[in-house]
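# A look at the structure
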Number of protein chains: 2
Amino acid sequence: MASGRKKAFNESQALEAAMHVFWSKGYVGASLSALTDSMGINKPSMYSTFGNKEALFIKSTSHYVESQMKPHLQHLYQANVPLLTRIKNYMLSIVSMQFNEESPKGCYLVLCQSELAGGEVPEAASELLQELDDLPKVVIADLLNSDSEAKQLGLDTRSNEIALTLYTVLKGSASMARSGIAQEQMLPVVDNVIAGLATRH
Amino acid sequence: MASGRKKAFNESQALEAAMHVFWSKGYVGASLSALTDSMGINKPSMYSTFGNKEALFIKSTSHYVESQMKPHLQHLYQANVPLLTRIKNYMLSIVSMQFNEESPKGCYLVLCQSELAGGEVPEAASELLQELDDLPKVVIADLLNSDSEAKQLGLDTRSNEIALTLYTVLKGSASMARSGIAQEQMLPVVDNVIAGLATRH
DNA sequence: AAGATTACGTACTGATAGGTACAATAAGCG
DNA sequence: CGCTTATTGTACCTATCAGTACGTAATCTT
């Protein structure tokens, strides 16, 4: 049984390229032509490989979460590092990604999610965004609930509140990155907020 | 000299309607058809009255700033109210607008500004957004620099840093509003951050 | 009432959106 | 080599985008 002509492009490289286009233009702003141009393929190849624009977006979003979001989580579980330092390192690591010169500024999810309420993003993609976007908040809350140091500091009794506070700052930071301020300005902001946590009971 | 047929619509009501469409869909997502439908007029009327889509957007954005942003600033200058309480009232007032059921969730400026980096918004409109978006940050920094109570609390020496911190939280809150959480969850976040300011020197 | 002036409604423009039909090309298998 | 299978490029589809031409309707001044 013949197996046909080989693909002339690398599927995961094409997905990476698509991710960058969605990241900089959003779901609505990323046209198929812009996508396929950056991916280095033409439209029929894109449709046969990924399905359609929405399916491409879903694969691209999953790739973003795996390659850009999850790696930062390791900072939260470093052995022999104080809890607040771990949280700070995690946040600084994400901020540093938001301001990275080699990829679009800000957060892919924030950008695309802002289009949700306008009904511009298809339902299935919209649900995925909603779900993925909660990830950091849930992880931080879980950490605060289970970490022994968090209990000593009395942070476990208001874990959801604190997780939401930190998460709100991260989202705000993504907005600030988009608006063009310098990364150095955000660092003391993270310091301030984390220091504020420690001084309450 | 004859003065012609009267307009069959109210110009400022039409602008208000356009503002809500941009607010919920963003600049790119708001199509002329959606705009004129909501405004209750047809396209030639829109073009003769406002110029084009970009000019309408600029007028709509100015209207947003005047009607939705500036009114909150009064909280910052209430007599006989402690500084941190004034700031807290200001922030809660904005958060409450972001979650208001009668208008789109989140912040008009955050939404539209997220499209900037993708080059989807025309230059002139883009510059206006950039400028207006700094307003709250500048106002808070100025307040911290001039207020006598701020000096007593030692907040004047890091006014820019604090203003940026508060502003980042407001932007984050706008994102959270878009993603659908309940307003009550944001209130302790504002509390946390402001309390954190007070406990540092 | 006549004429000038302005707004309105319909119907259109060229460009681009997402998506596809189809013929040509390249690979594996016998 | 010939057959089958899969990918590629071009050229097209319909719908919608921002924007406009033009004839009709309404209001003013004289």
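Residues numbered from 1 in each chain as written. Chains lettered and ligands numbered in written order. Predicted model: local features only at pLDDT ≥ 70, side-chain atom pairs only at ≥ 80, totals over all residues. Heavy atoms only, no water.

An unreviewed UniProt entry annotates chain A as TetR family transcriptional regulator originating from Psychrosphaera haliotis.

### Things to note about the packing of aromatic side chains
Residue and element names in this part refer to chain A. In total, this model carries twelve aromatic pairs over all chains according to the counting rule given. Among the aromatic residues, those joined into a ring-pair cluster are Phe 22, Trp 23, Tyr 27, Phe 57, Tyr 64 and Tyr 108. The ring of Tyr 27 has Lys 53 lying over it, and the distance from NZ or CZ to the ring centre is 4.7 Å. (Phe/Tyr/Trp six-rings, centres within 6.5 Å; stacked < 30°, edge-to-face > 60°. Lys NZ or Arg CZ within 6 Å of the ring centre and 35° of its normal.)

### Details of the side chain of Arg 86 of chain B
Along the polypeptide, Arg 86 of chain B turns up in helix α5 (residues 83-98). Here Arg 86 of chain B is in contact with His 75, Leu 76, Tyr 77, Gln 78, Val 81, Leu 143, Asp 147 and Glu 149 of chain B, once residues within four sequence places are set aside. (Helix = DSSP H or I, 4+ residues; strand = E, 2+ residues; numbered from the N terminus. Contact = heavy atoms within 4.5 Å.)

### Thoughts on unusual backbone geometry
The phi torsion at Asn 80 of chain A lies on the positive side, around 60°, for a residue other than glycine. Its location among the elements puts Asn 80 of chain A in the loop between α4 (53-69) and α5 (83-98).

### Quick look at the interface of chain B and chain A
Contact with chain B, which involves 39 residues of that partner, is made by 39 residues of chain A. The junction of chain B with chain A conceals about 3,200 Å² of combined surface from both sides, 60% of it contributed by carbon and sulfur atoms. Considering only the side of chain B, the residues that lose the most area to chain A are Leu 164, Thr 168 and Asn 192 of chain B, jointly responsible for 17% of the buried surface there. Taken together, chain B and chain A are joined by two salt bridges. (Buried area = accessible area lost by both parts, 1.4 Å probe. Salt bridge = Lys/Arg side-chain N within 4 Å of Asp/Glu carboxyl O.)

### Details of helix α8 (residues 135-146) of chain A
Taking 1.5 Å per residue, twelve residues should reach 16 Å; α8 of chain A reaches 17 Å between its end C-alpha atoms and fits that length. Looking at the packing, one finds that the buried side of α8 of chain A touches α4, α5, α7 (123-133), α9 (148-152) and α10 (159-178) of chain A together with α10 (159-179) of chain B. (Expected span 1.5 Å × (residues − 1).)

### Considering the state of the cysteines
Residues and elements named next belong to chain A. With the rule as written, the count across this model stands at zero disulfides over all chains. The thiol of Cys 107 is not disulfide-bonded; the next cysteine sulfur, from Cys 112, is found 8.7 Å away. Classification of Cys 107 by relative accessible area gives buried; the value is 14%. (Disulfide = S-S within 2.5 Å. Buried < 20%, exposed > 50% of the residue type's maximum accessible area, 1.4 Å probe, protein only.)

### Overview of the UniProt feature "domain: HTH tetR-type" (unreviewed entry) in chain A
UniProt marks residues 8-68 of chain A with the feature "domain: HTH tetR-type" (unreviewed entry), using the numbering shown here. As annotated, residues 8-68 of chain A comprises 84% helix and 0% strand, and the C-alpha atoms at either end are separated by 27 Å. (UniProt positions renumbered as here; feature names shortened; annotations may be inferred.)

### Comments concerning the protein's contact with DNA strand C
Taken together, the neighbourhood of DNA strand C is formed by 26 residues, with Leu 32, Lys 43 and Tyr 47 of chain A together with Asn 42 and Ser 45 of chain B sitting nearest. Within the backbone of Arg 5 of chain B, one N or O atom sits 3.1 Å away from a base oxygen of DNA strand C. Within the contact set of DNA strand C, a phosphate oxygen lies 3.0 Å away from a side-chain nitrogen or oxygen of Lys 7 of chain B. Elements with a contribution of two residues or more to the surface near DNA strand C: α2 (32-39) and α3 (43-50) of chain A together with α3 (43-50) of chain B. For the surface near DNA strand C, the element with the highest residue contribution is α3 of chain A, accounting for three residues. (Near = heavy atom within 4 Å. Polar contact = N/O pair within 3.5 Å; in protein donor to acceptor, adjacent residues only side chain to side chain.)

### Regarding the protein's contact with DNA strand D
Looking at DNA strand D, there are 26 residues lining it, with Ala 2, Asn 42 and Ser 45 of chain A together with Leu 32 and Lys 43 of chain B nearest. Atoms of DNA strand D within 4 Å of the protein: sugar and phosphate make up 69%, bases the balance. With respect to DNA strand D, the side chain of Ser 3 of chain B contributes an N or O atom lying 3.3 Å from a sugar or linking oxygen. A distance of 2.6 Å separates a base oxygen of DNA strand D from a polar side-chain atom of Lys 43 of chain B. Secondary-structure elements contributing two or more residues to the surface near DNA strand D are α3 of chain A together with α2 (32-39) and α3 of chain B. Of the residues forming the surface near DNA strand D, the biggest block, three residues, is contributed by α3 of chain B. A class-by-class count of the residues in the surface near DNA strand D yields ten nonpolar, nine polar and seven charged. (Nonpolar A, V, L, I, M, F, W, Y, C, P; charged D, E, K, R; others polar.)

### Describing the environment of Glu 11 of chain B
Residue and element names in this part refer to chain B. Mapping Glu 11 onto the fold places it in helix α1 (residues 11-29). The class for Glu 11 is partly exposed, based on a relative accessible area of 39%. Other than its neighbours up to four places away in sequence, Glu 11 contacts Thr 49 and Phe 50.

### Focus: the nonpolar core
Ranked by internal contacts, the top residues of the largest apolar core, which has 66 residues, are Ile 87, Met 91 and Leu 166 of chain A together with Ile 87, Met 91 and Leu 166 of chain B. Within the residue set of this core, elements represented by two or more residues are α5, α8, α10 and α11 (183-198) of chain A together with α5, α8 (135-146), α10 and α11 (183-198) of chain B. With residues up to four places along the chain from it excluded, the contact list for Ile 87 of chain A reads Leu 76, Leu 143, Leu 144, Leu 166 and Ile 194 of chain A. (Core = buried A, V, L, I, M, F, W, Y, C linked by side-chain atoms within 4.5 Å.)

### Observations regarding the UniProt feature "DNA-binding region" (unreviewed entry) in chain A
Residues annotated by UniProt as "DNA-binding region" (unreviewed entry) correspond here to residues 31-50 of chain A. Its end C-alpha atoms 15 Å apart, residues 31-50 of chain A is made of 80% helix and 0% strand.

### Observations concerning the packing of α11 of chain A against α10 of chain B
Each pair of packed helices can be described by the angle between their axes along with the distance between the axes. Here α11 of chain A crosses α10 of chain B at 75°, and the two axes come no closer than 9 Å. Considering the angle they form, α11 of chain A stands roughly perpendicular to α10 of chain B. Between α11 of chain A, through Gln 185, Met 186, Pro 188, Val 189, Asn 192 and Val 193 of chain A, and α10 of chain B, the contact on the second element is made entirely by Glu 161, Leu 164, Thr 165 and Thr 168 of chain B. For the contact of α11 of chain A with α10 of chain B, the class distribution of residues is five nonpolar, four polar and one charged. (Axes fitted to C-alpha atoms, helices over the stretch in contact; angles between N-to-C directions. Parallel < 35°, antiparallel > 145°, perpendicular 65-115°, else oblique.)

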